[in-house]
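Coordinates in review
Here's the letter readout for the chains.
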Amino acid sequence: MKAWSVMDYGAECGYIVFAETRGKARAAAMGCAGLDCSEWNDVEVRRIPKLDGKRNAPCVLDWEKDGRIYYEAGWYPIDGAPSCDCCGLFEYDEFPESRVTETDDGFMCAACIAHEAREAE
Ligand SMILES: [Zn+2]
């Protein structure tokens, strides 16, 4: 199944949808809470090729249940979630590896802190 992001134009959140076509992705997401798509044209649908094939059937992914896929797509769960100054990873409560810590060099995730430590040796 092809992966799509569906969101209101200008909004910072939306849904990841698996569907065969752009139109089907849009139709599936428009029934979901949190999407203010009173007008068909107000909704932006974009392909997310790197997530293709993660689901075999059409579906709209749930933020709570399918959080990991949102995380892999680089979406973050709340407004103003901190992100790594180094690689841009957003902190996501459910995933300890995404935890961002304030260091002398700015906010950094565990992987980047470890990388820096190795560089410094
Ligand atoms: Zn990082």
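Everything numeric in this text was worked out from a predicted model, so none of it was measured.

Procedures and definitions
Within any chain, residue numbers begin from 1 and follow the written order of that chain's sequence. Per-residue local features are limited, in this predicted model, to residues with pLDDT of at least 70; the limit for side-chain atom pairs, both in listing and counting, is 80 or more; totals at the level of whole chains, interfaces and linings are taken over all residues. Only DSSP runs of H or I covering at least 4 residues are called helices, and only runs of E covering at least 2 are called strands; the numbering of each starts at the N terminus. Counting other C-beta atoms within 10 Å of a residue's own tells you its class, since 20 or more makes it buried, 12 or fewer makes it exposed, and anything in between is partly exposed; those C-beta atoms are placed from the backbone. We call two residues in contact when their backbone-placed C-beta atoms lie within 7 Å. Strands pair, by our definition, only if DSSP identifies at least two bridges between them. Any set of buried Ala, Val, Leu, Ile, Met, Phe, Trp, Tyr and Cys residues joined through C-beta atoms within 7 Å is what this text calls a nonpolar core. The quantity known as pLDDT measures the predictor's confidence residue by residue, on a range of 0 to 100.

**Structural notes on the overall build of the protein**
Across its full length, the protein carries 3 helices and 6 strands. Here the protein, with 121 residues, has 21% of them falling under the buried criterion. For the protein, long-range pairs separated by at least 24 residues make up 41% of all intrachain contacts whose partners lie at least 6 apart in sequence.

**Topic: the sheet that holds strand β2 (residues 14–19)**
The strand order β3-β1-β2-β4 describes an open sheet built from 4 strands, whose pairing is antiparallel. In this open sheet, the two strands that pair with only one neighbour each are β3 (43–47) and β4 (59–60). One ladder, built from 5 bridges, connects strand β1 (residues 2–8) with β3; its direction is antiparallel. Within β3, the residue paired with Trp 4 across the bridge is Arg 47.

**Remarks on the nonpolar core**
By size, the foremost hydrophobic cluster in this structure holds 16 residues, and its most contacted members are Trp 4, Val 6, Tyr 15, Ile 16, Val 17 and Ala 25. Elements represented by at least two residues in this core include exactly β1, β2 and α1 (22–30). If we ignore the near neighbours within four places in the chain, the residues touching Ala 25 are Trp 4, Val 6, Val 17, Ala 19 and Val 45. If you look at the next biggest cluster of nonpolar residues, it comprises 6 residues, including Leu 89, Val 100, Met 108 and Cys 109.

**As for the pairing of β1**
When β1 meets β2, the two strands line up antiparallel, connected through 6 bridges. Among the inter-strand pairings, Met 7 is bridged to a residue of β2, identified as Gly 14.

**Remarks on the pairing of β2**
β2 sits mainly inside the fold: 6 of its 6 residues count as buried. Note that β2 and β4 share 2 bridges and pair antiparallel. Bridge pairing in β4 places Val 17 opposite Val 60.

**A few points about the environment of Cys 112**
If you trace the backbone, Cys 112 turns up in helix α3 (residues 110–120). Judged by the 21 C-beta atoms lying within 10 Å of it, Cys 112 is buried. For Cys 112, the residues in contact, after removing those within four places along its chain, are Cys 84, Cys 86 and Cys 87.

**Things to note about the environment of Ile 69**
Along the chain, the position of Ile 69 falls in helix α2 (residues 67–72). Along the chain, Ile 69 and Leu 51 lie 18 residues apart, while their C-alpha atoms are 8.0 Å from each other. Not counting chain neighbours up to four residues away, the residues in contact with Ile 69 comprise Ile 16, Leu 51, Lys 54 and Leu 61.

**Topic: the confidence of the model for the protein**
On average, residues of the protein carry a pLDDT of 83, and 88% of them reach 70 or more. Looking across the protein, the model is least confident in α2, with a mean pLDDT of 78, and most confident in β4, with 93.

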